[in-house]
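Coordinates in review
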Amino acid sequence: MTRSCEVMLQDFEVPVQNRLGAEGEGFALAMHAIQAGRVSVAARAVGIARACLEEAMRYAQDRPIRGQPLASYQMTQSALADALVAVEGARLMTWHAATLMDRDLPANRVAAQAKLAASFALKQPASTAQELFGGCGLASEYRIARLTSYAHVFLVGEGAPAVQRILIAEDALGIKNAGRHRVSYRYPRGREDGGRV
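What you are looking at is a predicted structure, and each value in this text was computed from that prediction instead of being measured. (Residues numbered from 1 in each chain as written. Predicted model: local features only at pLDDT ≥ 70, side-chain atom pairs only at ≥ 80, totals over all residues. Heavy atoms only, no water.)

Let us look at the overall build of the chain. Of regular secondary structure, the chain possesses six helices and two strands. The secondary structure elements of the chain, listed N-terminal to C-terminal, are α-β-β-α-α-α-α-α. Going through the 197 residues of the chain one by one, you find that 35% of them count as buried. Put simply, 75% of the contacts in the chain that link residues at least 6 apart link residues at least 24 apart. Within the structure as shown, the chain displays about 12,600 Å² of accessible surface, and the carbon and sulfur contribution to it stands at 55%. (Helix = DSSP H or I, 4+ residues; strand = E, 2+ residues; numbered from the N terminus. Buried < 20%, exposed > 50% of the residue type's maximum accessible area, 1.4 Å probe, protein only. Contact = heavy atoms within 4.5 Å. Areas by Shrake-Rupley, 256 points an atom, 1.4 Å probe, with all protein chains shown as cover.)

A few words now on the packing of helix α1 (residues 26-62) against helix α2 (residues 74-102). One can describe the packing of α1 onto α2 by two numbers: an axis separation of 9 Å at closest approach and a directional angle of 155°. When the interaxial angle is binned, α1 and α2 end up roughly antiparallel. α1 and α2 meet at a crossing whose hand is left-handed. Broken down by class, the residue content of the contact of α1 with α2 amounts to 18 nonpolar, four polar and two charged. (Axes fitted to C-alpha atoms, helices over the stretch in contact; angles between N-to-C directions. Parallel < 35°, antiparallel > 145°, perpendicular 65-115°, else oblique. Left-handed = near helix turned anticlockwise from the far one by under 90°. Nonpolar A, V, L, I, M, F, W, Y, C, P; charged D, E, K, R; others polar.)

It is worth spelling out the packing of α1 against helix α3 (residues 108-133) at this point. Between α1 and α3, the shortest axis-to-axis distance is 8 Å and the interhelical angle comes to 20°. Comparing their axes, α3 and α1 come out roughly parallel. Handedness of the crossing formed by α1 with α3: left-handed. For the contact of α1 with α3, a count of residues per class yields 23 nonpolar, three polar and three charged.

With that settled, consider α3. Its 26 residues give α3 an end-to-end C-alpha distance of 37 Å, which sits within 8% of 38 Å, the value for a rise of 1.5 Å per residue. Gly134 sits one or two positions beyond α3 and adopts a positive phi of about 60°. (Expected span 1.5 Å × (residues − 1).)

To continue, consider the packing of aromatic side chains. Inspection of the entire model under this criterion finds two aromatic pairs. With a centroid separation of 4.0 Å and 20° between ring planes, the pair formed by Tyr59 and Phe133 is classed as stacked. Placement of the pair is Tyr59 in helix α1 and Phe133 in helix α3, with a sequence separation of 74 residues. An identical accessibility class is assigned to Tyr59 and Phe133; each is buried. Every member of this aromatic cluster is reached through a ring pair, and the members are Tyr59, Phe133 and Tyr142. (Phe/Tyr/Trp six-rings, centres within 6.5 Å; stacked < 30°, edge-to-face > 60°.)

What follows deals with the pattern of salt bridges. Scanning the model with the defined rule gives five salt bridges in all. With a shortest N-O distance of 3.0 Å, Arg143 and Glu55 are connected by a salt bridge. Here the residue Arg143 occupies a position in helix α4 (residues 143-149), and Glu55 occupies one in helix α1, the gap between them amounting to 88 residues. Judged by relative accessible area, Arg143 falls into the partly exposed class, the value being 38%. Look at Glu55 and you get buried, because its relative accessible area is 13%. In this structure, Asp171 and Arg109 form a salt bridge, with 3.0 Å as the shortest nitrogen-oxygen distance. Linking Asp171 in helix α6 (residues 161-172) with Arg109 in helix α3, this pair joins segments that are 62 residues apart in sequence. (Salt bridge = Lys/Arg side-chain N within 4 Å of Asp/Glu carboxyl O.)

This is how it looks when you write it as structure tokens:
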């Protein structure tokens, strides 16, 4: 179980050698961390969405309805095709955002787009799977029940859809530059101790 609590630091100073980034870059560093978090949430949402699809496709092929597999019906095929397209689009957007971040290029808007697309892409196969499984989709002995329970968590994690839409639209319309929070600090990569600071 995850617990949250309040932490108060009063009259607390961090030695200069332990500070991340330059003085005054705290907010920019926080925004950079949120950007990375959005890409992480998007990647996890895509992974769970793909797992939902795999479960739904396997079930649709195995479940007989009127003597034929559920997968042989056009409505089932249509729902699965729509979900596959949404998940693949979100996967490509997530890869693009991660690639930009790996190259230290501005990725805040693309990360927000990937997070928004992936969270909606997760809802689609989760909903499709629940419909195909029927009542079994709610039973805890089926893996799909646990997978679909994550859909709402990923929708709001690292920013609700409304927040992502505002960031994306303001950047696209030139109201606010989504990449305005640049930092000089770079996170350690590829260290022998696993990158722990």
